[in-house]
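# Coordinate inspection notes
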Amino acid sequence: MERYQVPLYLAALALGTATGLILPDAAGALEPAINPILVALLYATFLGVPLTRLRTAVTDARFVVALLIVNFVLAPLVVAPLSRLVSDSPALLMGLLLVLLAPCVDYVMVFTRLAGGAWERILAASPVLMLTQTLLLPIWLAALAGQGLASISRRPFALAFIVMIALPLGLSALTQWASARYRPAARVQSGTTALMVPLMMATLMAVTASQIAAVASHLGLLVHVFPIFLIFAAIMPLTGNVVGLLAHQDRSARLALAFSGTTRNSLVVLPLALALPDALAPIVVVTQTLVELIVMVVYVRLLPRLIRRP
């Protein structure tokens, strides 16, 4: 499954698309399953690396600074001109800004690990990423939206950190501690890490099947944001790699910067989009998720070939 992971992920996306279009009522049943499946996926990811490596990653200040520059200085500078392409549609603009200005802190680690990148450094920096985007997102929204905005709630960001990071990380630490002492726990650890590919397939299928019908019903409007998401996804890996080179980072760290700069925090900002008066904003967020998942499946194989050792 590791060898054929990309075809398997594409098959999961295709199956999810077919399920969502043929059985649109399945969306209501699958949407609540996304977060539990994602937590299981992150638990399996965290089990794959000893926690001692996380302690080393926490002290890597140069990488953290590079990560902040990529996500909170350069990414908004890329988003600013791209967002002008939909500035005449407030709903499209708000959804686009919400999702592109917030860096991912959950499945970015899974894709980074699959590509051979330093995912544990992103995990170590995730509290800084969450706090910084909580503070800066309202400022960037106010600057780029061109109109007054209601204050952005911090609750979704705090809840996402607890559920998506702290919970699976705590469970993985407990499992690693137990596996060193008890044979059944060691079997649990090896069995769970072997489920990485199936869990990723389940995540891709659940997200696609639960959201594709809503996206398909608004294709006439969403066609304006598809190119923007693709252009952003094409620019940011190069940006992450260049910043990594300037910061004298090794290849695995530059892969991590490339994936972090490209992936966005759609599952966290979706509640913010749902709180907006226009129903189109959350569909824009979901559209970015679907585009990003397809791009990530390709990047897992492509970026390791493009980002090489100096």
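- For the chain, the name recorded in an unreviewed UniProt entry is Sodium Bile acid symporter family protein, with Actinomyces massiliensis F0489 as its organism.
- As stated in UniProt under Sequence similarities (unreviewed entry), the record for the chain gives "Belongs to the arsenical resistance-3 (ACR3) (TC 2.A.59) family."
- Here is the UniProt Subcellular location (unreviewed entry) comment for the chain, exactly as written: "Cell membrane".

## Concerning the overall build of the chain
- Broken down by element type, the chain carries 16 helices and zero strands.
- When the 310 residues of the chain are sorted by exposure, 54% land in the buried category.
- In the chain, once contacts between residues fewer than 6 apart in sequence are set aside, the share between residues at least 24 apart is 86%.
- Roughly 13300 Å² of accessible area belongs to the chain as shown, and the carbon and sulfur atoms make up 69% of that amount.
- Separation between the mean location of the 19 positive side-chain charges and that of the 10 negative ones in the chain comes to 14 Å.

## Notes on the confidence of the model for the chain
- Across the chain, the average pLDDT comes to 85, with 94% of residues at 70 or higher.
- Averaged pLDDT values over the elements of the chain bottom out at 63 in helix H4 (residues 51-58) and peak at 97 in helix H13 (residues 226-246).

## Focus on the side chain of Thr-287
- When you line up the elements, Thr-287 lands in helix H16 (residues 280-306).
- Overall, Thr-287 belongs to the buried group, its relative accessible area being 1%.
- Reaching out from Thr-287, the side chain makes a polar contact with the backbone oxygen of Ile-283 at a distance of 2.7 Å.
- With residues up to four places along the chain from it excluded, the contact list for Thr-287 reads Val-215, Leu-222, Val-225, Phe-226 and Phe-229.

## Details of the packing of helix H5 (residues 61-83) against helix H8 (residues 119-145)
- One can describe the packing of H5 onto H8 by two numbers: an axis separation of 10 Å at closest approach and a directional angle of 30°. In terms of orientation, H5 and H8 fall into the roughly parallel class. The handedness of the crossing between H5 and H8 is right-handed. Contacts between H5 and H8 pair Phe-63, Val-64, Leu-67, Leu-68, Asn-71, Phe-72, Pro-76, Val-79 and Ala-80 from the former with Arg-121, Ile-122, Ala-125, Val-128, Leu-129, Thr-132, Gln-133, Leu-136, Trp-140 and Leu-144 from the latter.
- Grouping the constituent residues of the contact of H5 with H8 by class yields 15 nonpolar, three polar and one charged.

## Structural notes on H5
- In a regular helix each residue adds 1.5 Å, so 23 residues correspond to 33 Å; H5 covers 32 Å between its end C-alpha atoms and thus fits that length.
- Residue Ala-75 marks the point of greatest curvature in H5, where the axis turns by about 35°; the proline Pro-76 follows within four residues.

## What about the pattern of salt bridges?
- Taken as a whole, this structure holds two salt bridges when the rule is applied.
- For Asp-60, the salt bridge identified is with Arg-121, shortest N-O distance 3.1 Å. One end of the pair, Asp-60, is in the loop between H4 and H5; the other, Arg-121, is in helix H8, with 61 residues separating them in the sequence.
- Between Asp-250 and Arg-121 there is a salt bridge whose closest N-O contact spans 3.4 Å. Taken together, the residues Asp-250 in the loop between H13 and helix H14 (251-262) and Arg-121 in helix H8 connect sequence positions 129 residues apart.
- Among the charged side chains, a salt-bridge network with shared partners connects Asp-60, Arg-121 and Asp-250.

## So, empty space enclosed by the protein
- Taken as a whole and assessed by the stated rule, the structure comprises one cavity of 30 Å³ or more.
- Of the pockets and cavities examined, the largest cavity occupies roughly 60 Å³.
- In terms of lining, the largest cavity is formed by Phe-229, Phe-232, Ala-233, Thr-262, Gln-288, Val-291, Glu-292, Val-295 and Met-296.
- Among the elements of the structure, H13 and H16 are those that each provide at least two residues to the lining of the largest cavity.
- Top contributing element to the lining of the largest cavity by residue count: H16, with five residues.
- For the lining of the largest cavity, the class distribution of residues is six nonpolar, two polar and one charged.

## A look at helix H15 (residues 266-274)
- Turning to H15, its buried residues are Ser-266, Val-268, Val-269, Leu-270, Leu-272 and Ala-273.
- If you follow the buried residues of H15, they end up packed against helix H6 (90-100), H8, helix H9 (155-179) and H16.

## Things to note about the packing of aromatic side chains
- Tallying each qualifying case throughout the model produces two aromatic pairs.
- Ring geometry for Trp-177 versus Tyr-182: centroids 6.5 Å apart, planes at 65°, classification edge-to-face.
- A residue is classified by how much of its surface remains accessible, and Tyr-182, at 47% relative accessible area, is partly exposed.
- The ring of Phe-63 carries the charged tip of Arg-121 above its face, separated from the ring centre by 5.7 Å.

Quick notes on the rules
Residues numbered from 1 in each chain as written. Predicted model: local features only at pLDDT ≥ 70, side-chain atom pairs only at ≥ 80, totals over all residues. Heavy atoms only, no water. UniProt positions renumbered as here; feature names shortened; annotations may be inferred. Helix = DSSP H or I, 4+ residues; strand = E, 2+ residues; numbered from the N terminus. Buried < 20%, exposed > 50% of the residue type's maximum accessible area, 1.4 Å probe, protein only. Contact = heavy atoms within 4.5 Å. Areas by Shrake-Rupley, 256 points an atom, 1.4 Å probe, with all protein chains shown as cover. Lys, Arg positive; Asp, Glu negative; His and termini not counted. Charge placed at Lys NZ, Arg CZ, Asp CG, Glu CD. pLDDT = per-residue confidence, 0-100. Polar contact = N/O pair within 3.5 Å; in protein donor to acceptor, adjacent residues only side chain to side chain. Axes fitted to C-alpha atoms, helices over the stretch in contact; angles between N-to-C directions. Parallel < 35°, antiparallel > 145°, perpendicular 65-115°, else oblique. Left-handed = near helix turned anticlockwise from the far one by under 90°. Nonpolar A, V, L, I, M, F, W, Y, C, P; charged D, E, K, R; others polar. Expected span 1.5 Å × (residues − 1). Bend = angle between axes of the 7 residues up to and from the residue. Salt bridge = Lys/Arg side-chain N within 4 Å of Asp/Glu carboxyl O. 1 Å grid on protein atoms, 1.4 Å probe; cavity = no way out; pocket = protein on both sides within 12 Å on 5 of 7 lines; lining within 4 Å. Points joined across faces, edges and corners; volume = space filled by probe spheres on them. Phe/Tyr/Trp six-rings, centres within 6.5 Å; stacked < 30°, edge-to-face > 60°. Lys NZ or Arg CZ within 6 Å of the ring centre and 35° of its normal.

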